[in-house]
Protein chains: 2
Amino acid sequence: MSEEKENIQFELTKELVEQVEHLIETNEDKELRKLLNEFHYADIAEILDELNLEEAVYVIKLLDSETTSDILMELDEDNREKVLKNLSAKEIAEEVEELDTDDAADIISELSEERQEAVISQIEDEEHKAEITELLAYDEDTAGGLMAKELVKVYETWTVAGCMRRIRGQAKEVTRVHSIYVVDKEEKLIGRLSLKDLIVAKSEQKISDLVKVNVDSVNVYDDAEDVAKVMAKYDLEAIPVVDDNQTLLGRITIDDIVDVLKEEADKDYQLAAGITQDVEADDSILELTRARIPWLFLGLIGGVGAFLIMGGFEESFTGDAFKIFFFTPLIAAMAGNVGVQSSAIIVQGLANDDVKGSVNSRLIKEMLLATLNGIILAVFLFFFVWIYESKIDLALAISVSLVAVIIVAGLIGTFVPLFLDKRGIDPAIATGPFITTSNDILGILLYFWISKMILGI
Amino acid sequence: MSEEKENIQFELTKELVEQVEHLIETNEDKELRKLLNEFHYADIAEILDELNLEEAVYVIKLLDSETTSDILMELDEDNREKVLKNLSAKEIAEEVEELDTDDAADIISELSEERQEAVISQIEDEEHKAEITELLAYDEDTAGGLMAKELVKVYETWTVAGCMRRIRGQAKEVTRVHSIYVVDKEEKLIGRLSLKDLIVAKSEQKISDLVKVNVDSVNVYDDAEDVAKVMAKYDLEAIPVVDDNQTLLGRITIDDIVDVLKEEADKDYQLAAGITQDVEADDSILELTRARIPWLFLGLIGGVGAFLIMGGFEESFTGDAFKIFFFTPLIAAMAGNVGVQSSAIIVQGLANDDVKGSVNSRLIKEMLLATLNGIILAVFLFFFVWIYESKIDLALAISVSLVAVIIVAGLIGTFVPLFLDKRGIDPAIATGPFITTSNDILGILLYFWISKMILGI
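Bear in mind that the values here come from a model prediction, so they are computed numbers and not experimental data.

1. Describing the pairing of strand β6 (residues 238–242) of chain A
Residue and element names in this part refer to chain A. In terms of burial, β6 is a largely internal element, 5 of the 5 residues being buried. Neither face of β6 is left uncovered, since the one carrying Ala-238, Pro-240 and Val-242 and the one carrying Ile-239 and Val-241 both have all their residues buried. As paired strands, strand β5 (residues 218–219) and β6 are joined by 2 bridges and run parallel to one another. Looking at β6, one finds that Val-218 is bridged to Val-241. Relative to strand β7 (residues 248–253), β6 runs antiparallel, the two being bridged by 5 bridges. Paired with Pro-240 across the strands is Arg-251, a residue of β7.

2. A word on the relation of the copies chain B and chain A
In the superposition of chain B on chain A (RMSD 0.2 Å, axial shift 0.0 Å), the rotation amounts to 180 degrees. Expressed as an axis order, the relation between the two copies is that of a two-fold axis.

3. Things to note about the domain arrangement of chain A
When its domains are assigned, chain A resolves into domain 1 (14–139), domain 2 (152–253) and domain 3 (285–455). Using only C-alpha atoms to locate each centre, domain 1 of chain A and domain 2 of chain A end up separated by 31 Å.

4. A short note on the pairing of strand β2 (residues 180–183) of chain A
Residues and elements named next belong to chain A. Because side chains alternate across β2, one face comprises the buried residues Ile-180 and Val-182, and the other comprises Tyr-181 and Val-183, equally buried. Both strand β1 (residues 152–155) and β2 contribute to a ladder of 4 bridges, which runs parallel. Within β2, the residue paired with Val-154 across the bridge is Val-182. Linking β2 to strand β3 (residues 189–193), which pair antiparallel, is a turn of 5 residues; within it Glu-187 sits at a positive phi near 70 degrees.

5. Remarks on the UniProt feature "transmembrane region" (unreviewed entry) in chain A
Residues and elements named next belong to chain A. Here, UniProt's "transmembrane region" (unreviewed entry) annotation points to residues 295–313, 325–347, 368–388, 394–420 and 432–450. Each end of residues 368–388 is marked by a C-alpha atom, and these two atoms are 30 Å apart; helix forms 100% of the span and strand 0%. Along residues 432–450 one finds 95% helix and 0% strand; the C-alpha atoms at either end are 26 Å apart.

6. Topic: the sheet that holds strand β5 (residues 218–219) of chain B
On the basis of which strands lie adjacent, the open sheet formed by 3 strands has the order β5-β6-β7 (chain B) and mixed pairing. Strands at the two margins of the open sheet, each flanked by one partner only, are β5 and β7 (248–253) of chain B.

7. Notes on the interface of chain B and chain A
Taken together, the contact pairs 125 residues of chain B with 125 residues of chain A. Summed over both sides, the interface between chain B and chain A buries roughly 11800 Å², with carbon and sulfur atoms accounting for 62% of that surface. Put simply, chain B and chain A have 8 salt bridges between them. Put simply, Glu-314 of chain A and Lys-323 of chain B hold a salt bridge, and the shortest N to O gap is 3.1 Å. In this assembly, chain B and chain A are joined by 20 residue pairs in polar contact (both at pLDDT 80 or more). Considering each element in turn, the side of chain B that touches chain A owes the most residues, 18 residues, to helix α17 (residues 285–312) of chain B. In terms of residue class, the side of chain B that touches chain A is made up of 68 nonpolar, 20 polar and 37 charged.

8. Regarding the packing of helix α3 (residues 41–50) of chain B against helix α5 (residues 65–74) of chain B
All names here are of chain B. Here α3 crosses α5 at 60 degrees, and the two axes come no closer than 8 Å. What the angle tells us is that α3 and α5 run oblique. Two packed elements cross with a definite hand, and for α3 against α5 that hand is right-handed. Contact residues: Tyr-41, Ala-42, Ile-44, Ala-45 and Leu-48 in α3; Thr-67, Asp-70, Ile-71 and Glu-74 in α5. Within the contact of α3 with α5, the residues separate by chemical class into 6 nonpolar, 1 polar and 2 charged.

9. Concerning the packing of aromatic side chains
All names here are of chain A. As enumerated under the stated definition, the model contains 43 aromatic pairs over all chains in all. Centroid distance Phe-382 to Trp-386: 5.6 Å. Interplanar angle 45 degrees. Geometry classified as tilted. With Phe-382 and Trp-386 both in helix α19 (residues 359–389) and 4 residues apart, the pair spans about one turn of that helix. For Trp-386, a relative accessible area of 37% corresponds to the partly exposed category. Between Phe-384 and Tyr-388 the ring centres are 5.3 Å apart and the planes differ by 20 degrees, which places this aromatic pair in the stacked class. Taken together, the residues span about one helical turn, with Phe-384 and Tyr-388 both in helix α19 at a distance of 4 residues. Overall, Tyr-388 belongs to the partly exposed group, its relative accessible area being 47%.

10. Re the packing of helix α16 (residues 254–272) of chain A against helix α16 (residues 254–272) of chain B
Packed helices, taken two at a time, are described by their axes: the angle between them and the distance between them. Their axes nearest at 10 Å, the elements α16 of chain A and α16 of chain B cross at an angle of 5 degrees. By the criterion of interaxial angle, the relationship of α16 of chain A to α16 of chain B is roughly parallel. The segment α16 of chain A lies against α16 of chain B, with Ile-254, Val-258, Leu-261, Ala-265, Asp-268, Tyr-269 and Ala-272 of chain A engaging Ile-254, Val-258, Leu-261, Ala-265, Asp-268, Tyr-269 and Ala-272 of chain B. Classifying every residue of the contact of α16 of chain A with α16 of chain B gives 12 nonpolar, no polar and 2 charged.

11. With respect to the nonpolar core
Residues Leu-48 and Ile-252 of chain A together with Leu-48 and Ile-252 of chain B are the most contacted members of the largest nonpolar core, which totals 128 residues. Here Leu-48 of chain A is in contact with Ala-56, Val-59, Ile-60, Ile-71 and Leu-75 of chain A, once residues within four sequence places are set aside. Ile-324, Phe-327, Ala-370 and Leu-402 of chain A belong to the second-largest nonpolar core, a separate cluster that totals 86 residues.

12. What about the sheet that holds β5 of chain A?
Within a beta sheet, neighbouring strands are joined by backbone hydrogen bonds and run either parallel or antiparallel to one another. Strands sit in the order β5-β6-β7 (chain A) across an open sheet of 3 strands; the sheet is mixed. Both edges of this open sheet fall to β5 and β7 of chain A, since each of them pairs with a single strand only.

Thresholds, definitions, all that
Numbering of residues starts from 1 in each chain and follows the order in which that chain's sequence is written. A letter from A marks each chain and a number from 1 marks each ligand, given out in the order of writing. A pLDDT threshold of at least 70 governs which residues receive local features in this predicted model, and a stricter bar of 80 or more applies before side-chain atom pairs are shown or counted, although totals over entire chains, interfaces and linings include all residues. To obtain the side-chain values, all non-hydrogen atoms of the structure were included, while hydrogens and water were left out. Burial classes follow relative accessibility: with a 1.4 Å probe on protein chains only, a residue under 20% of its type's maximum area counts as buried, one over 50% as exposed, and anything between as partly exposed. Here a helix means four or more residues in a row that DSSP labels H or I, a strand means two or more in a row labelled E, and each is numbered from the N terminus. Should DSSP find at least two bridges between two strands, the strands are taken to pair. When the copies are superposed, the least-squares fit draws on C-alpha atoms of residues that have pLDDT of at least 70 in both. Where each domain begins and ends follows an automated or database-derived domain assignment. UniProt positions are given in the numbering used here, feature names are shortened, and annotations may be inferred rather than shown by experiment. We call two residues in contact when some of their heavy atoms are within 4.5 Å. Note on definitions: buried area is the accessible-area loss of two parts on being combined, 1.4 Å probe, summed for both. Just to be clear on terms, a salt bridge is a Lys or Arg side-chain nitrogen sitting within 4 Å of an Asp or Glu carboxyl oxygen. Between N or O atoms, a polar contact is any pair within 3.5 Å; within protein, one atom must be a potential hydrogen donor and the other a potential acceptor, and residues adjacent in sequence are included only when both atoms are from side chains. Note on residue categories: nonpolar means Ala, Val, Leu, Ile, Met, Phe, Trp, Tyr, Cys or Pro, charged means Asp, Glu, Lys or Arg, and polar means any other residue, Gly included. Note on definitions: angles span 0 to 180 degrees between N-to-C directions of axes, and those axes are lines fitted to C-alpha atoms, for helices only across the stretch in contact. Each angle is binned into one of four classes, with values under 35 degrees roughly parallel, values over 145 roughly antiparallel, values of 65 to 115 roughly perpendicular, and all other values oblique. By definition, turning the near helix anticlockwise from the far helix through less than a right angle yields a left-handed crossing, and turning it clockwise yields a right-handed one. Put simply, two rings from Phe, Tyr or Trp (the six-membered ring, in Trp's case) pair if the centres are within 6.5 Å, and we call them stacked under 30 degrees between planes, edge-to-face over 60, tilted for the rest. By convention a nonpolar core is built from buried Ala, Val, Leu, Ile, Met, Phe, Trp, Tyr and Cys residues, the set being connected through side-chain atoms within 4.5 Å.

Spelled out as C-alpha cells, the structure:
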C-alpha cells in the first residue's frame, strides 16, 4: 500500500477541473501526473466524473494501473461503464490484476459476456484468474457476490512462530488483516485469531490452544442484506464465508457492508418518494423519466378514480351539501399523509428488525394512534367549518369522516407492508405513491358515504 | 475477549422469551445463567427488550458485568434508560469499567447530570475515569463525541522490536487494533503503521522508516456526519482524531460510523414520510403522535386552503365546467407526487455529495424532465376526458393544466431543498408533507387559472 494523503479538506473546485482539462489538452503528461498523484484515488475519481469521456480515458491510460484500478472502482457506475468500453481487454486485465478479487469480479461482471471472457483470458496471474472466475459464478446479492478470496489462513496444528512466518507471506497480498482464520486439514473453518492474539502469545504456543472457536460465519448463498444485518448487529469488521460443508471460501469486510447498507437505505428512500430503479440526480432525463413515470401513472389512475367517484356522487351533494366536494383534497391529503407515515415506520421497523409482536397488536396500536391523531385534527376542522360555514351538520359530517379516514388510512399503511413482508415481498414498495393513491381513493369513498349518512341524503 | 458464538441463525422466539421469564420467576439463577451464556450479548439484548423492566433488571444484576455492559449498549435506548434508573451509581460504574471509553461516555451521557457525577466518582480506574470525563465534554454529534481513547500509539524513535514489546502491553486494552499511530515526542500525530507492516518488517528497523505519513485524520470538533462521509469515501476502518495542534486525542472506528450512517438514513427517511423526531415502531402512542401530528396539521391547513380556493372559484365553474372540481384530487396528487420525487432525488444527491453544477442547470434539467413526464401523462388524460365527457375544451383545460402543474411542482421540489441546503438548513425537511402541501395548494390554484383561461370564463 502506498502513502495515504491528508484529504479531509479535499474540495472539488471548478478551477481544479479546468486545470486538469488544460493539462490534458496540452498533453503535459508529466505535470498532470504530478498534479494527480497528490490526490487520493477517491478524489481523482471525483475529478474524472467531471471530465468528458475522452479526457477520463486519457487520465486512466496515463496513470499507473495500481492507482487507476482503485480510481475505476470509485467512479460513478455509468462513467465506469463508458470508460471500460474505451479500454482494450488487455488494459482492463491489467487493472484487474491490481484489484482484490471481490473488486475485480465486480468490474468484470459489469462487462458483456463476450468481453468478460476476453478480459479473463488476459489475466496473467493464474491463481487470481481462477479466483475471479469462481467469484463471478455467485449472484451479486449473496454473500458469495460480496466476498473476497484474499484472507489469511492458518492450520490448527501450527505453532505461533510457524504461523507468524507463514503469515508474513500471505499478509502481503491482503490489504487489511482483520482476522486470521484457522482451518483443519480439510480446509474446514474451525475458528479465528486476531493478529493481536498472535503478538501477545508466546511463540511456541499451538494455534489450537489460542483459536477462538464457534466464530460467526455466513453461508456463501446467504442474502447480502442478511449478511449486512449480522455484521452490523454483532459489530463485526469481517466475517468468513463458508459452503455447506463449512469449507472456508472467502471473507467479507465491513467496507463492503457499508456500501450494501447505503444502497439499501437509498433504495428504500427512493421507493418512499415514488422512484423505482436506482437513479441519481446526475442521471439522464430519460433514465429519470423511466424511474419516475410508473408511480406518476399510478397517481394519474388514482386521480381518475377520484374523478369517477365524485361524478358518482354529483347528484347526492347538491345545494349546501355541495361544499362536501371542496373538502375532497383535504380528505385525500390526510389519508395519503397518514398512510405514508404509518407504512414508513413499519417498513423501517422491518428493515431494522424492530417490529415485534403480532400483526393484530400492531393494528390495534395503529388504530389507537390514528384515533388520537384523528380526533385532535377533527376538533380543529369541526370548529373551522362550523364558524366559517355556520352549518353544524356539514362540520360534523366532515370531521367525523376525517377521523374515520385517518383510522382506515393508518390501518392500511400498517397492514400492507406487514402483509407484503410475510409474503416475502419487499415492503418498501408499499410506501409512497402506492399507499397514497389507494388511500386517496378509499378515503374519498369513505368520506362521501359517511357524509351522506350524517347529512341524511 | 471471550469466545464468540455462532449466531447467524439466532431467532427470537416466543418460547425462548417465555423460558427466560419462567427461570426468572422461579429464581433458577444457575439455569438462567447457563441458558443466556449460550447467546451473544446482542442476542441477549434482544431477549431483554422483550421482558418487563423488573425482569430485565433481574438479568442485568445476575450476569457478570463483562457481559452486561455489552448488553446494555445493545438495548433499545428507551429500555436502557429505564434499566439504568434501576441500577445504583455503584452498579452503573461497574458496567462502565468494562466498556471502552466511547461506549462508557455514551452510557453516562444518558444519565441526569447529578447521576453522572455520582457514577463517575464511583469509577475505580483513575485513567478510565479521566478519559471518560474528557469525552463527556464533547458534543455527541462531533468527532470528539464518537471517538474512543483506546488506541495503540508508538513513538517514531522506537525500533520494530521495541515497538512490538510495548504494543503487547497496550494492545490488551484495545479490542481491535486497526492501526498503530505514530507520534513524535510532543504527542503530535505523524502517521500510522499497520500490525501487518510491523510483522512483515525486520525487528531492528526504525519506526520512522516504516511509518506512513500524511494519514487522514479528523479534528475533534468536526461534524460526525462529515467524519462518516470521509471514512466511507476513503474506505477507512479507523481514523485518528487530533486537536488543532495535531495532538493525537483518540480514534474513531468504522462500527460507530455504520451507526451514524444508519441513523442519518433513518432520519431522512422519516422526514420524507412526514415523521419528525426519531421514533421507532415500538415507541409509545404519545411519542408517535408527537412525531406525526405536526406534519398532519400542515396537511390539514393545506386542505383548508384548497377548500378556500375551490370556494373562491365556485362561481366560475358552473354548468359543464363544474366537472373541473372533480379533477382537483388528481391535480393535487400529481403535484404532490412530482414534488416529492424531485425533492427526494435532490436531498439524496446532497447527502451523497452527488449534486454538482449550478442551481440553474438543475432547474433547467428538472424542467425538461417534468415537461417530458407531464406531456406523456397529459396525453393519456386528454383522451380519457375527451372520450368520457365528449368535451374537447374540458379535456384540453385539464391536460394543459396537468403539464403546467407538473413543471411547477418539479421546479419547487428541486429549488426548495437546494435553497435550504445553501442556507445551511437540513434539506430533508423539504421532502414529504411540506412539499406535498405547498404543491397541492399551488397546483390547484394554477389548475383553476389555466382552466378559466382555456374555457374562456
